[in-house]
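Structural overview for review
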Amino acid sequence: MSERAGRFRDRWGVPHLRADDPLALAAAQGRVTAYDRAWQLEVERHRAQGTSAAFLGVDALGWDRFARQVRLADTARRCHAALDAATAEWVGAYVDGVNAGLAAGAERTPEFAATGLTPGRWEPWTPLAVWLGHHILFAGFPGKLWREHVAHQLGPAAVDLFATDGPAVAGSNGWLLASGRTGTGAALLAGDPHRFIEDPGVYQQIRMACPEYDVVGLAVPGVPGIAHFGHTGTVAWAITNAMADYQDLYAERLRRHGTRVQALGPDGWREVHHHVETIEVAGADPVRVEVVETDRGPLIVGGPDDPTGISLRYPPRVRAELGFAVLPALLRARTVSDVDRAVKRWVEPVNVVLAADTAGGLLHRVAGAVPVRHPDNGRRVVPAWEAAHAWRGWHAPMPRAEVTGRAVMANERGLAAPLGVEFAPPHRAHRLAELLDAGQSWTADQMATVHTDTYLGSAGPLLAVLRDLSGLGPAAAALRERLLRWDRRMSADSTDAADFAALRAAVVRRFAAHPALAALADPPAYPELFAPWLALTPRVGYALEHLLGTTALPGVDAAALVRAAAEEVAGATDGPAPWGDLHRLAPWRALPDPAAVPGPRLDGDHDCVLATSSVPGVTHWCFRGPAARFVWDLARREDSRWVVPLGASGVPGDPHHDDQSPAWLAGDLLPVTTDWTQLSEEPDEH
């Protein structure tokens, strides 16, 4: 490369890195990430090791216990040991960069002083552990604990009332427009990953250039390369969660046999792995954790002295593989075929992939590892001692589809349907298709109108019940008339949107309090980490469409519940309030700020394309939403656009900590700078 190596920034502080070779570039990525995100990196490293409670206190204990029991760090070490030499060297270069930059990054980050934490040392396998920590819950295996609870309390027939394609812990929108649908004659690829909104953000805007490649994209801090969303100049790719089911829960029978612990499997009693670890907890006594692993997998419920427990079987533990060799291959990709070949080796998590190149190539496929096994494995906790529930190889080839004009991916029951059980509701996917099909000659600048659409497709069933009610009081009847005229847009300034959300919440609470569901009110004594999957009110909120439908719960008069909720909302004395006054952003912080005030007002809701998710019946606040937005332009990469909720820096008080927030809140997209002369070079002193 003719330009000399170095580190540059654009006007929003996004790092643009240049180096003489891929290893030096990986080291530069690690170093700049440590400088910008030292606190975030160290929190994730400790979470991956199950040591975060040592400085975050008892609130972090539940996660640390799970990380130890599920053997997350040990799995990462196994996966790293199985890497090919070139990939291991590349990951190692990134780790070297992190270790070189952590001290300088920590000096400028106040959370270290506030907690007394000093930066530690990253091991060669740490990036793999961070990746596992981010994604171990992506396949939603705790949902099987919920289904087991429902089946036990209400009978197997009731399970489908709640297994209703409800929102999971993560999702995304993505769409691809072929050249014939754009104004440039080249493809456009756009989307927004929906994750918990974190401070610092979970995605890092970055550019990485060396003689072999020049790539812009969204990286995961702590992980080298650009895994999910990238543009190499000639090919671009993006993913959404496929909602595949690839993690299994097994009911285990355990017993002591002398000094050993045994578990009953298809071949009889077999000795299990068993050891004890200690978790240090800031402000509290240390906690002992017994780690047990059967032939199926690590025990996540119960212990060696319980006659029963539940083990988790997941592909990285079984295969000693995450698919990290894909990461450097993606950076080198020049065509859709290159991306296709690369992601064939992907393991965790399972994603739907869209890609397009400058030669007109298009790709729409699923990538990842999904085991072949009995259908019951996907729906419930299955007995470990029955051979019918053993894994029998891997699904192959993974599903793919031809792209004709446009393709949409929104976690719906679509391309990945053969691989999963529950998917996101179809509303986002349907709305995206409707919006895209209504226009022609799309450009990158126009994509923001799609990203920010607030039409709530899931409002229909509740409004239908409301429409058919009789005998309402005057105030409730007026509420009904307003909502039936409402445009179903969850706009921050809409009082009708707020009234609908209030009605929905009141209906959810009445369903959750109904005697027919009383048996589900108290969840089983599973670890606290799984409480969000087992809490009744959120489950009702996410399943409300179906609970109001034709297969309603026996003994529940849905219309009566809606009538009572309408009277309650209409009788409220607070007066009309716009949706944005209720719907506020509440980003997750590892170290909560006790002086924090309600966050900014938000448009959207969990079934809108602008998926700023609340938990109906629990809170109107938003914890999960677009963790980034992007548009990759295959005609001219410099016409691409992106934005993140906060900014490029993870350091409070830094000018770039939250300078993108106004654009993100307004639905604007910022330009992707590719001209090196428009960047500011930084001295190499950190």
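These notes cover the structure that comes with them. What you see is a predicted model; the values in this text were computed from it and never measured.

**What to know about the overall build of the chain**
Per the secondary structure count, the chain includes 23 helices and 25 strands. Taking 2.2 N^0.38 as the reference for a compact globule, 686 residues should give roughly 26 Å; the C-alpha atoms of the chain span a radius of gyration of 25 Å, in line with that estimate. Here the C-alpha coordinates of the chain stretch approximately 80 × 70 × 50 Å along the principal axes. Within the span of the chain, comprising 686 residues, buried residues form 60% of the whole. Within the chain, contacts between residues at least 6 apart in sequence are counted, and of these 70% link residues at least 24 apart. Counting only carbon and sulfur atoms, one obtains 51% of the accessible surface of the chain, whose full area is about 25,000 Å². Charge centroids of the chain, computed over 65 positive and 81 negative side chains, lie 4 Å from each other.

**Side note on the packing of aromatic side chains**
Aromatic rings in a pair are described by how distant their centres are and how their planes are angled relative to each other. Tallied over the entire structure, the rule returns 15 aromatic pairs. On the numbers, 5.8 Å between centres and 75° between planes, the contact of Trp39 with Phe55 is edge-to-face. Of this pair, Trp39 sits in helix H1 (residues 22-49) while Phe55 sits in helix H2 (residues 53-56), and the two are 16 residues apart along the sequence. The same class applies to Trp39 as to Phe55, namely buried. Grouped by ring-pair contacts, the aromatic residues Tyr203, Phe229, Phe630, Trp632 and Trp642 constitute a single cluster. Lying over the aromatic face of Trp63, Arg47 brings its terminal NZ or CZ to 4.4 Å of the ring centre. Positioned above the aromatic ring of Trp125, the side-chain terminus of Arg77 is 5.0 Å from the ring centre.

**Looking at the sheet that holds strand E8 (residues 235-241)**
Strands pair in a sheet through their backbones, by hydrogen bonds, and they do so in one of two ways: parallel or antiparallel. Read across the sheet, 9 strands follow the order E17-E16-E8-E7-E6-E5-E2-E1-E25 without closing on themselves; strand pairing throughout is mixed. Both edges of this open sheet fall to strand E17 (362-367) and strand E25 (680-682), since each of them pairs with a single strand only. Here the strands of the sheet are splayed against their neighbours by 20° on average, with no regard to which way each runs. As judged from the 6 bridges shared by strand E16 (residues 351-357) and E17, these two strands associate in the antiparallel manner. Each residue of the ladder has a partner; that of Val353, found in E17, is Arg365. Packed on one face of the sheet, H1 meets strand E1 (6-9), strand E2 (15-18), strand E5 (204-210) and strand E6 (213-219) and runs near 155° to E5.

**Quick word on the pairing of strand E11 (residues 268-271)**
Along any regular strand, the residues point their side chains to alternate faces of the sheet. The pairing of strand E10 (residues 260-265) with E11 spans 4 bridges and is classified as antiparallel. Opposite Gly265, over in E11, you have Gly268 as the bridge partner. The loop that links E10 with its antiparallel partner E11 comprises 2 residues.

**Section: a nonpolar patch on the surface**
A surface patch of nonpolar side chains, about 280 Å² in accessible area, is lined by Phe196, Trp621 and Phe623. Here Phe623 lies in strand E21 (residues 619-626). Judged by relative accessible area, which is 33%, Phe623 ranks as partly exposed.

**Things to note about the nonpolar core**
Of all hydrophobic cores here, the largest spans 207 residues; its most connected members are Phe66, Phe162, Val339 and Phe511. Judged by nonpolar contacts, the second largest core, of 6 residues, contains Leu254, Val261, Ala263 and Val292.

**Re the pattern of salt bridges**
Inspection of the entire model under this criterion finds 47 salt bridges. A salt bridge links Asp340 to Arg365; its shortest N-O distance comes to 2.7 Å. Of this pair, Asp340 sits in helix H12 (residues 336-343) while Arg365 sits in strand E17, placing them 25 residues apart in sequence. In this pair, the class of Asp340 matches that of Arg365, namely buried. A single salt-bridge network, built from bridges that share partners, covers Arg71, Asp74, Arg77, Arg78, Glu293 and Arg317.

**A closer look at helix H15 (residues 460-467)**
Turning to H15, its buried residues number three or more, namely Gly460, Leu462, Leu463, Val465 and Leu466. Turning to H15, the residues buried within the fold contact helix H16 (474-485), helix H17 (495-513) and helix H21 (558-570).

What counts and what doesn't
- Residues numbered from 1 in each chain as written.
- Predicted model: local features only at pLDDT ≥ 70, side-chain atom pairs only at ≥ 80, totals over all residues.
- Heavy atoms only, no water.
- Helix = DSSP H or I, 4+ residues; strand = E, 2+ residues; numbered from the N terminus.
- Rg over C-alpha atoms; globule rule 2.2 N^0.38 Å.
- Buried < 20%, exposed > 50% of the residue type's maximum accessible area, 1.4 Å probe, protein only.
- Contact = heavy atoms within 4.5 Å.
- Areas by Shrake-Rupley, 256 points an atom, 1.4 Å probe, with all protein chains shown as cover.
- Lys, Arg positive; Asp, Glu negative; His and termini not counted.
- Charge placed at Lys NZ, Arg CZ, Asp CG, Glu CD.
- Phe/Tyr/Trp six-rings, centres within 6.5 Å; stacked < 30°, edge-to-face > 60°.
- Lys NZ or Arg CZ within 6 Å of the ring centre and 35° of its normal.
- Pairing = 2+ DSSP bridges.
- Axes fitted to C-alpha atoms, helices over the stretch in contact; angles between N-to-C directions.
- Patch = residues over 30% accessible without salt bridge, like charges linked within 9 Å, V, L, I, M, F, W, Y side chains within 5 Å.
- Salt bridge = Lys/Arg side-chain N within 4 Å of Asp/Glu carboxyl O.
- Core = buried A, V, L, I, M, F, W, Y, C linked by side-chain atoms within 4.5 Å.

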